[in-house]
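One letter stands for each residue in the lines below.
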Amino acid sequence: MEISLFFVLFLAGIFHADSKYMVYDTSAKLVPGKINVHLVAHTHDDVGWLKTVDQYYVGSNNSIQGACVENVLDSMVPALLADKNRKFIYVEQAFFQRWWRDQSETIQDIVKQLVRSGQLEFINGGMCMHDEATTHYIDMIDQTTLGHRYLKKDFGVTPRIGWQIDPFGHSAVQAYLLGAEVGFDALYFGRIDYQDREKRKGEKSLEVVWQGSRNFDASAQIFAGAFPENYEPPPGGFYFEVNDDSPIVQDDVNLFDYNVQDRVNDFVAAAVSQANITRTNHIMWTMGTDFKYQYAHSWFRQMDKLIHYVNKILVVMFSCIFLDGRVNALYSTPSIYTDAKFATNESWPIKTDDFFPYADRANAYWTGYFTSRPAIKYYVRMMSGYYLAARQLEFFKGRDDSGPTTDALADALAIAQHHDAVTGTEKQHVANDYAKRLSMGYDKAEELVAASLACLAESKTSSICGNPTTKFQQCALLNISYCPPSEIDLSQGKKLIVVVYNSLGWKRNDVIRIPVINGDVIVHDSNGKVIESQILPLVNAHVSMRNYYVKAYLGKTPSEAPKYWLAFSVSVPPLGFSTYTISRAERTASALTTSFVFTPQATETSTVEVGQGNLKLTFSADVGKMTHYTNSRTSVKESVQLSYSFYTGNDGSDKDPQASGAYIFRPNRTFLIKPEEESPLTVMRGPLLDEVHQRINPWIYQVTRLYKGKEHAEVEFIVGPIPIDDGIGKEVASQITTMMATNKTFYTDSNGRDFIKRIRDYRTDWDLNVNQPVAGNYYPINLGIYIQDDKTELSVLVDRSVGGSSLVDGQIELMLHRRLLHDDSRGVAEALNETVCIHDKCTGLTIQGKFYFRIDPQGEGAKWRRSAGQEIYSPFLLAFTEEDGANWMSSHVPIFSGIEPSYSLPDNVALITLQELDDGKVLLRLAHLYEIGEDKDLSVTSSVELKKLFPGKKIRKVTEMSLSANQEREEMEKKRLVWKAESSPQEPKLARGRPVDPANLIVELAPMEIRTFVIEISSLPNRMPQDGRYAA
């Protein structure tokens, strides 16, 4: 007490008793030999979560959460102007761009100066802070590119640092692709498993050199750091929003509650504590959290004082009590911190693979969100593939900003990648808002697609698009059997024109299915040749779903449901379309094939075999299950069963109050769902496909399909409404079970890209304490999952993000749907209980989806996983119109390819971006699909001939860019920081494609390489090959 009194009197003598304006010294720089505390002022602004993105921006709906991003950015400017040493970082461009558009030229000039001076730094730079578990790598690239190119254009800056502080686990693709390949020097994040974090604290290995891909050496590594606790200020009371309860620095000796020494001691204690678990003498404090700095001065005032007093006060007289001289506080940014770390020349531990799954404590695995809100997950994935195709067509037609563009869909998709959007961890009204934005974006893109197809189809004699008259229609709800353009009455000579667009870089032969009302129809190709087709009955399960959800989504009762599916074979050129005519068939038409429908008799020995070609599936009629998988070409014969089960969601009523919810998967018990005995198999056979229909129970319906010429099975499922009459939430899973000896090992994809080895109940980086044997072994799946033994491998591909695992040797499990009745206490404050309402009557959400499986000889499954995965991501785009008068085929371009006739991309290369930019240049991305050693034929370097990708065009300049196309690749490589690692796996140096020779214009791609180019070509409006036709 005497010391404290003397301390106050001493300060009074220094600063005098009179109140005077205090100038705080905030000019601190790095000091060798001291613990340098880098104070990083930041706000984490969710692009939707508890409120919608617009509500968060303007600050409305504050009964849910008092958050206004507009206030944050408004107050940031004067706060930075008040002291040139202050610094602030900002991340989410979806918000910043809204704010920027509303500012005067004066404010814009001020902000640009703040950026130039380094006081304001853009970090991460994407439209949102995307999720890393449920996002596809193409979407991650696209949303990052939108933000990065905007910042380059308007501010001339390229973000250097990845800042993924809130996503719920971190992917390998984020590290090497969305980190190193976009030019980041470091990546920082907040959430890793609690067991992993504790071990890393003890080893001082929270900061590592992360080599995320086994296909690349140190050329794709990145410095990565996990925060000691989270992305908030350190323990000790350093929250300084107006309404926060942390003690401020009260330094006026004339007022009560003077506390400078206490606050300095708190600061030093927290700094020393963090320094003890951190390598080098630099530590970062994340000074902020969700939606902070709404009154920025309240934060900066306190940080000014802390910097001033921690660095200056009483070092000599009271060092033994108040300060020991080891701490130096300064305003900083992650870039400054990264450069300081690099300058120490420290060697860092190596990290490989990823940070999944994530648990923040025992019994709390954040693996439920891998599946939460499966309908919006599918919507995002469907729109992603559509956006890829729409950009291609926009390029072929020629971008016209006065008409419809793909921009609105780009913005909606970018926001949907946010870590509380596609994850399904938002409130229901926010999920509705994301869906609404996607729908509005689709409407604009649909107009663009229709106009582009009309232009290309009508430009038979000219390469210039005029004013097309063809009105194409599309079917956004085809997945629920609703397609008004195809459901027309073809009597009285009407003919339906179907244009099938293929966005892949290679020719595609497949079967498409559309609903029709006439069963006596025939299909002709562009040469008038009859195409093999098949009529299948539209079953009650599909009709019921169609009628209910059309009413719910469109607000109108659909017309009488069509009675049939029409399936027919199509052959479509790369980056092009083919045209087909559907008309009424003559009674004698030989190509008219109606499916043979029968119900096999259920006896103890009765089986039924389906399949047109090499692949046969055998079903037991008496128990209603698949039993065997046989491929005569590969000599694979395997016992296979498909089953369903559900987990009862823990309600948090036991000793540990953790419930299963939108984020958390905490199962209580498992129940196998047995097929209903009174609902036998229904088999449909035909020349193109066989189907086996089965009512599993009142709320699960399954269709297994085998297509002619295909060697995989397609499983369509309808799940819901999940019953909750018993007051218990349920999480529904499907299993594919074999007799394979897989030794606890399975493989899952990383954001649709690399496959990562998983071992049940095991972690590479620490000795796992198993407390949740189911949830703790779930991983995110965006492309697929596979298992293998010494003879065969079973691969399963998905149509959206799901959670999955191999909980039993020889078995793969996918979580399909979740309906829960309790909140899991992670902030959303709402149970994951999705309903669909018509006239105030609500029922649980029903979802319809597909997964695909195939069994190959060991080591031969990659070819199907990669090629079929591309086809699932990029389905055919269908457009419909009616033939009007003259023969369509003779008056229109029936077959088109945007690339040179007879050319296609190599089988191991995908075109993932073809887009005309707003400056008239072309953005091109090419991706190698295979990892090293994944396939004996296709895991090799491949070449793409740019001249053949742009036939009839003069390529004036090709510039290779970073992944996000905001800087030249060569420039990026020169600036890259090369970090020292403690030890590195002894792998041979891996090759990348050579620079593009401007003479031959050939792009080389090594395994897993993605290359991005900005291309200048002549005569962009002239898209068309000579006669618009494709020469096969």
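None of these values were measured; they are calculated from a predicted model.

**Side note on the confidence of the model for the chain**
Link 1 in the chain: Scored by pLDDT, the chain comes out at a mean of 92, with 93% of its residues at no less than 70.
Link 2 in the chain: Throughout residues 1-17 the model reports pLDDT below 50, and contacts reaching past four residues in sequence, or to other chains, amount to 24 contacts.
Link 3 in the chain: A low-confidence stretch, residues 1022-1032 (pLDDT under 50), is modelled with 38 contacts involving residues beyond four sequence positions or located in other chains.

**Structural notes on unusual backbone geometry**
Link 1 in the chain: The amide bond that connects phenylalanine 356 to the next residue, proline 357, takes the cis arrangement and shows omega of -10°.
Link 2 in the chain: Considering the arrangement of structural elements, one finds proline 357 in the loop between strand 11 (350-351) and strand 12 (359-361).
Link 3 in the chain: The omega angle of the peptide bond from glycine 720 to proline 721 is -10°, so this bond is cis rather than trans.
Link 4 in the chain: By the secondary structure assignment, proline 721 is in the loop between strand 31 (713-719) and strand 32 (730-737).
Link 5 in the chain: A positive phi angle, near 70°, is found at threonine 280, a position not held by glycine.
Link 6 in the chain: Secondary-structure assignment places threonine 280 in the loop between helix 9 (260-275) and strand 8 (282-287).
Link 7 in the chain: If you check the backbone angles, alanine 965 has positive phi at about 60° while not being a glycine.
Link 8 in the chain: Relative to the assigned elements, alanine 965 resides in the loop between strand 48 (955-961) and helix 20 (969-975).

**Things to note about the packing of aromatic side chains**
Link 1 in the chain: Taken as a whole, this structure holds 55 aromatic pairs when the rule is applied.
Link 2 in the chain: A ring pair is formed by phenylalanine 300 and tyrosine 331, whose centres lie 5.9 Å apart and whose planes are at 55°; its orientation type is tilted. With phenylalanine 300 in helix 10 (residues 296-312) and tyrosine 331 in strand 9 (residues 327-332), this pair connects stretches of sequence that are 31 residues apart.
Link 3 in the chain: Taking relative accessible area as the criterion, phenylalanine 300 reaches 0% and is therefore assigned buried.
Link 4 in the chain: Across from the ring centre of tryptophan 565, 4.3 Å away, lies the NZ or CZ of arginine 513, which sits over that ring.
Link 5 in the chain: The positively charged end of arginine 753 is found above the aromatic ring belonging to tyrosine 137, 5.0 Å away from the centroid.

**Quick notes on helix 16 (residues 540-554)**
Link 1 in the chain: Compared with an ideal rise of 1.5 Å per residue, which puts 15 residues at 21 Å, helix 16 spans 21 Å between its outermost C-alpha atoms and is within 8% of the ideal.
Link 2 in the chain: Here helix 16 has its buried residues at Ala541, His542, Val543, Met545, Arg546, Tyr549 and Val550.
Link 3 in the chain: Glycine 555 occupies a position one or two residues after helix 16 and carries a positive phi of about 75°.

**Some remarks on the sheet that holds strand 4 (residues 161-164)**
Link 1 in the chain: Spatially, 4-5-7-6-11 is the arrangement adopted by the five strands of the open sheet, whose pairing is mixed. Looking at strand neighbours, the two that pair on one side only are strand 4 and strand 11, the edges of this open sheet.
Link 2 in the chain: The pairing of strand 5 (residues 186-189) with strand 7 (residues 222-226) spans four bridges and is classified as parallel. Of the residues in strand 7, the one forming a bridge with alanine 186 is phenylalanine 223.

**Some remarks on the sheet that holds strand 48**
Link 1 in the chain: Ordered in space as 45-46-51-48, the four strands form an open sheet in which the pairing is antiparallel. Two strands lie at the open edges of the sheet, namely strand 45 (909-916) and strand 48, each paired on one side alone. For this sheet, the mean inter-axis angle between neighbouring strands, taken without regard to orientation, is 20°.
Link 2 in the chain: Relative to strand 51 (residues 1010-1017), strand 46 (residues 922-928) runs antiparallel, the two being bridged by six bridges. Along strand 51, the bridge assignment pairs leucine 926 with arginine 1011.
Link 3 in the chain: Sitting on the sheet, helix 6 (residues 137-155) is in contact with strand 45, strand 46 and strand 51, with an inclination near 150° to strand 46.
Link 4 in the chain: Against the sheet, helix 13 (residues 374-397) contacts strand 45, strand 46 and strand 51, and its axis sits at roughly 55° relative to strand 45.

**A look at the pattern of salt bridges**
Link 1 in the chain: The tally for this structure, following the rule as stated, stands at 64 salt bridges.
Link 2 in the chain: Ionic pairing is found between arginine 160 and aspartate 339, a salt bridge with its closest N-O pair at 2.8 Å. Of this pair, arginine 160 sits in the loop between helix 6 and strand 4 while aspartate 339 sits in helix 12 (residues 334-343), placing them 179 residues apart in sequence.
Link 3 in the chain: Residue arginine 160 is classed as partly exposed on the basis of its relative accessible area, which comes to 23%.
Link 4 in the chain: Between lysine 948 and glutamate 945 there is a salt bridge, and its shortest N-O distance comes to 3.6 Å.
Link 5 in the chain: Exposure remark for lysine 948: the relative accessible area of 25% places this residue in the partly exposed category.

About the cut-offs
- Residues numbered from 1 in each chain as written.
- Predicted model: local features only at pLDDT ≥ 70, side-chain atom pairs only at ≥ 80, totals over all residues.
- Heavy atoms only, no water.
- pLDDT = per-residue confidence, 0-100.
- Contact = heavy atoms within 4.5 Å.
- Helix = DSSP H or I, 4+ residues; strand = E, 2+ residues; numbered from the N terminus.
- Phe/Tyr/Trp six-rings, centres within 6.5 Å; stacked < 30°, edge-to-face > 60°.
- Buried < 20%, exposed > 50% of the residue type's maximum accessible area, 1.4 Å probe, protein only.
- Lys NZ or Arg CZ within 6 Å of the ring centre and 35° of its normal.
- Expected span 1.5 Å × (residues − 1).
- Pairing = 2+ DSSP bridges.
- Axes fitted to C-alpha atoms, helices over the stretch in contact; angles between N-to-C directions.
- Salt bridge = Lys/Arg side-chain N within 4 Å of Asp/Glu carboxyl O.

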